[in-house]
Amino acid sequence: MDEVKEPAPVLTSNLQQPSDPLAQPFHPEELSTARAQSLGYPTEESYLEESGASVSSYEDLEKGIAPVLVQQQLGAKYVEESDIPPMKRRPGHNSSTSYDSAYKITAPPPNIPPLPVKRERRIFRRLRYTVLAVYQRLFTIAFAANIVGLIIVLVNARNNHPSGPPISTFATATAVNVTIAIAMRQEYVVNALYDICCLAPHSWPLRIRRLIAKLYEYGGVHSGCAISAVAWFILFTAFVTRNYVIDTFDSLAVIIITYVLLFLFLAICLFAIPSFRFKSHNLFEAVHRFAGWLAVALFWVDILLVLNSQSHLPGSESLGTLVIKAPAFWFLLIVTFLIVLPWIRLRKVDAFPEKLSNHAVRLHFKYTKMTSPVLGIRITHNPLKEWHSFATIPSNDGSFSMIVSDAGDWTKKQVMEPANKYWIRGIPVAGMLRMSSVFKRLVVVTTGSGIGPVLSMLHSVTSPCRILWSTPNPQQTYGERIIQQVVSADPEAMIINTRASGRPDMVALTYHLFLESKAEAVFVISNPSLTRKVVYGMESRGIPAYGPIWDS
C-alpha cells in the first residue's frame, strides 16, 4: 500500500506568501473539502483507505478531511491527538471498499416507499394517541375509581352519619392511594408485572399483545393515585378543620401537622408537572424524595394523634385497639416498607470504565450476575442528591456493562473522568424493551447512545429483529465492538452515519423497514422529540409502536 505523501508546509516564518488566493493562510477550522483537495491534502476517504493511519477524534472528522495531518501542514501550534486506537481492517478489506461499508455503515436508501395517509381525522388522531394515550387512560381510570369511591362515601354518610363522614374514612382513602402510587414505582412490583405480561404467547391475537406491550405506561396509575391521594387529603383537612372550629376536636397539633402535610403534598404535585420536571429534574428529584419522606413521617404522627384524640372520647376503645383496627395504620406500614426496601440494598461497587471516545464511555460491573435482559440500574456519586438510570448490557460471563454518553453535565463528567466506584441501590428493574418478546418480528429504531438499551435487548431476543441506528460517526464514537454486536444481531442493520449523509427521515425509514421485514411492532429509543415523532408516525398509520414516555 502506497504511503500518503505529505506536501510541503504552507506556512513558514521565512516564506513569502504566494499571490494565489488558494494558497493564502487561513485557519484550519475554515478549511473545506474542496480547498483541501486544491492544496493537495487528502480527503477523509483517501486518508483512511490509502494509508494505515489512525483516525482522529470525532469532532475533527466532522470537517470532512484528515484534520490532524492538515493542521500539521498548516503549521498549527497545537494539534489535538486522538484518543481512539487505530481501526484494524477486517479480512478482505481493500482499497475499493469504503471504510463505512466494511462496517455495515450505510446511507439511507435512495428509493423509499411513500408513507401512506394517516388514518382517521387529525382531531381524532390527536385525541387517541396524545391526549388519551394509554398513560392518560390509566390516570383517568385511577382517578375515576376514586370519584366513585367518594360518591359511595358521601351516600353512606348521608344515611348513617348526618354530621358527615368520619375523618378516618378520608385518612384511609389517602393511605390506600399513597400505597398504590408508591407500589407502582417499586422495583419488585414493576419486575413482577413485566414477568407476568411477558408470558403472553405469540399465538395470542396481535390486538391483545399490542395492548399488553403498553405495560410500560403504568406510570399513569402512579400519577392518578397520587393526585387522588391529595384530593382525599384535602377533604381530610377540611373535615379536621371543621371539627376543630365547632369544638368536637381540640388537638391543635393535629391541625398544624395536617396543614404542613397538605403543603408537602401540593409541593410534590407541583414539582412533578412535566414541564417543570424536564427543566429542573434534580430539583424535582429532591422534592419528590425528601418531601415524600417527610410527608410519610408526618402522616404517621398525624394518624396516631387523631387516633389518640378519639381514644379519649366517652365510650371509645383504647389507643392500641384503635391503631390495630385502623386500615390507615396498615397501609402506612406497607408504604414505609416499600420506601425503605431499596435503600437497604444501598452499596458502593467497583466499576471498570472503557473509554470509547470523547463522547461515550462503557462502564463494566462485576458485583452481581446479570442474567435477565433489558434491565436498568441507577448509579450516582451522591446517594442523597441525584440518580441516573442506564440500561445494562449482559455479558456471557454474567457481568454487565452500560453505555454513558455526553448528554449533560453529570454524564459529560463520567465520559471525561470515569470513576472506578459508583453507588447503586435496589435491584435492576425491567424496561420498555422487555415487552419486545411478545412479538414475532420487530423493528428497533434508535439514535446515538440509545444503542445501549437495544444491545441489552439483543442479548437474548429470539424474534427476528431489524435495526435502524442513526448516529454521528458510529465507529469513532462507540467503537468496532459495539457495531459488531449490532451486526451480529441483524446482518442487514441500517447504521447511518449522520455526519456523512445528514439526518434521515426516520419515520419513512422506519416504515420502510417495517414493510420489508413484515414486522409486528416498532420499538423506538431516542430523544423525547424524535421518539414521539416516530411513535406517532407509526401509530397514526395503524402500526403498533412503543417508546419511552419520560414520566419519572
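Data block above holds the structure.
Residues numbered from 1 in each chain as written. Predicted model: local features only at pLDDT ≥ 70, side-chain atom pairs only at ≥ 80, totals over all residues. Heavy atoms only, no water.

Colleague: Describe the overall build of the protein chain, and please don't skip the residues or the numbers.
Modeller: What the protein chain contains, in helices and strands, is 23 helices and 15 strands. Burial statistics for the protein chain: of 552 residues in total, 48% are counted as buried. Look at the contacts in the protein chain between residues 6 or more apart in sequence, and 70% of them connect residues 24 or more apart. On the protein chain, roughly 27400 Å² of surface is accessible, and the fraction owed to carbon and sulfur atoms is 60%. (Helix = DSSP H or I, 4+ residues; strand = E, 2+ residues; numbered from the N terminus. Buried < 20%, exposed > 50% of the residue type's maximum accessible area, 1.4 Å probe, protein only. Contact = heavy atoms within 4.5 Å. Areas by Shrake-Rupley, 256 points an atom, 1.4 Å probe, with all protein chains shown as cover.)

Colleague: Describe in detail the packing of helix 14 (residues 281-311) against helix 16 (residues 327-344), supporting the description with residues and values.
Modeller: For the pair helix 14 and helix 16, the least separation of the axes is 11 Å and the interaxial angle reads 150°. Taken together, the axis directions place helix 14 and helix 16 in an arrangement best described as roughly antiparallel. Handedness of the crossing formed by helix 14 with helix 16: left-handed. On helix 16, the residues that touch Arg-289, Trp-293, Val-296, Phe-299, Trp-300 and Ile-303 of helix 14 are Ala-328, Phe-329, Leu-332, Leu-333, Val-335, Thr-336, Ile-339 and Trp-343. (Axes fitted to C-alpha atoms, helices over the stretch in contact; angles between N-to-C directions. Parallel < 35°, antiparallel > 145°, perpendicular 65-115°, else oblique. Left-handed = near helix turned anticlockwise from the far one by under 90°.)

Colleague: Could you give an account of unusual backbone geometry, naming the residues involved and the relevant values?
Modeller: We note that Glu-120 has phi near 60°; this positive angle belongs to a residue other than glycine. One can find Glu-120 in the loop between strand 1 (105-106) and helix 6 (122-131). The partly exposed category is assigned to Glu-120, whose relative accessible area is 42%. You will see that Lys-518, though not glycine, has its phi angle at about 55°, which is positive.

Colleague: Tell me about the nonpolar core, and name the residues and values.
Modeller: Ranked by size, the top nonpolar core spans 62 residues in total, and within it Phe-365, Ile-379 and Met-402 carry the most contacts. Filtering out sequence-adjacent residues up to four positions away, Ile-379 remains in contact with Leu-363, Phe-365, Glu-386, Trp-387, His-388, Phe-390, Met-402, Trp-410, Tyr-422, Trp-423 and Ile-424. One finds Ala-175, Val-240, Leu-262 and Ala-328 within the second-largest nonpolar core, a separate group that totals 41 residues. (Core = buried A, V, L, I, M, F, W, Y, C linked by side-chain atoms within 4.5 Å.)

Colleague: So what's going on with the sheet that holds strand 12 (residues 465-471)? Residues and values would help.
Modeller: As summarised here, the arrangement of the 6 strands in space is 1-13-12-11-14-15, forming an open sheet in which the pairing is parallel. Strands with a single pairing partner mark the edges of an open sheet, and in this sheet they are strand 1 and strand 15 (545-546). Helix-sheet contacts for helix 20 (residues 480-489) involve strand 1, strand 12 and strand 13 (494-497), and the interaxial angle to strand 12 is about 150°. Sitting on the sheet, helix 23 (residues 528-539) touches strand 11 (442-447), strand 14 (521-525) and strand 15, and the angle it makes with strand 14 is about 170°. (Pairing = 2+ DSSP bridges.)

Colleague: Residues and numbers for the pattern of salt bridges, please.
Modeller: Taken as a whole and judged by the stated rule, the model has 12 salt bridges. Notably, a salt bridge pairs Glu-516 with Arg-466, separated by 2.7 Å at the nearest N-O pair. Of this pair, Glu-516 sits in helix 22 (residues 506-517) while Arg-466 sits in strand 12; the two residues are 50 residues apart in sequence, bridging distant segments of the chain. Within this structure, Lys-214, Glu-217 and Glu-539 form a network of salt bridges that share partners. (Salt bridge = Lys/Arg side-chain N within 4 Å of Asp/Glu carboxyl O.)

Colleague: Can you break down the pairing of strand 5 (residues 375-380) residue by residue, with the values?
Modeller: Counting buried positions over the 6 residues of strand 5 gives 5, a clear majority of the element. As defined by bridge partners, strand 5 adjoins strand 10 (residues 429-430) across 2 bridges and the pair is classed as antiparallel. The residue bridging Leu-375 from the neighbouring strand is Ala-430, located in strand 10. Across 4 bridges, strand 5 lies against strand 6 (residues 388-391) in antiparallel orientation. When the bridges of strand 6 are listed, Ile-377 appears paired with Phe-390. Sheet topology places strand 5 next to strand 9 (residues 421-424); 2 bridges connect them, and they run antiparallel. Note that in strand 9 the partner of Ile-379 across the bridge is Ile-424.

Colleague: Describe in detail the packing of helix 8 (residues 167-183) against helix 16, supporting the description with residues and values.
Modeller: Running from N to C, helix 8 and helix 16 cross one another at 20°; their axes reach a closest spacing of 9 Å. Put simply, helix 8 runs roughly parallel to helix 16. The element helix 8 and its partner helix 16 pack so that their crossing is left-handed. Side by side, helix 8 and helix 16 meet where Ala-171, Thr-172, Ala-175, Val-176, Val-178, Thr-179, Ile-182 and Ala-183 of the first sit next to Pro-327, Ala-328, Phe-331, Ile-334, Val-335, Leu-338 and Ile-339 of the second.

Colleague: Outline a nonpolar patch on the surface, listing residues and values.
Modeller: Together, Ile-123, Phe-124, Leu-127, Val-131 and Leu-132 make up an exposed nonpolar region whose accessible area comes to about 470 Å². As for its placement among the helices and strands, Leu-127 is situated in helix 6. (Patch = residues over 30% accessible without salt bridge, like charges linked within 9 Å, V, L, I, M, F, W, Y side chains within 5 Å.)

Colleague: Explain the packing of aromatic side chains to me, using residue names and the numbers behind them.
Modeller: All told, the structure shown has 23 aromatic pairs when counted by the stated rule. Ring geometry for Phe-271 and Phe-276: centres 4.8 Å apart, planes at 80°, overall edge-to-face. Ring plane angle 20° and centroid distance 5.4 Å describe the contact between Phe-365 and Phe-400, whose orientation is recorded as stacked. Taken together, the positions of Phe-365 in strand 4 (residues 360-365) and Phe-400 in strand 8 (residues 400-405) put the pair 35 residues apart, joining distant regions of the chain. Across this residue pair, the class does not change: Phe-365 and Phe-400 are buried. Among the aromatic residues, those joined into a ring-pair cluster are Tyr-216, Phe-439, Phe-523 and Tyr-546. Stacked on the ring of Tyr-536, the Lys or Arg Arg-126 has its end atom at 5.0 Å from the ring centre. (Phe/Tyr/Trp six-rings, centres within 6.5 Å; stacked < 30°, edge-to-face > 60°. Lys NZ or Arg CZ within 6 Å of the ring centre and 35° of its normal.)

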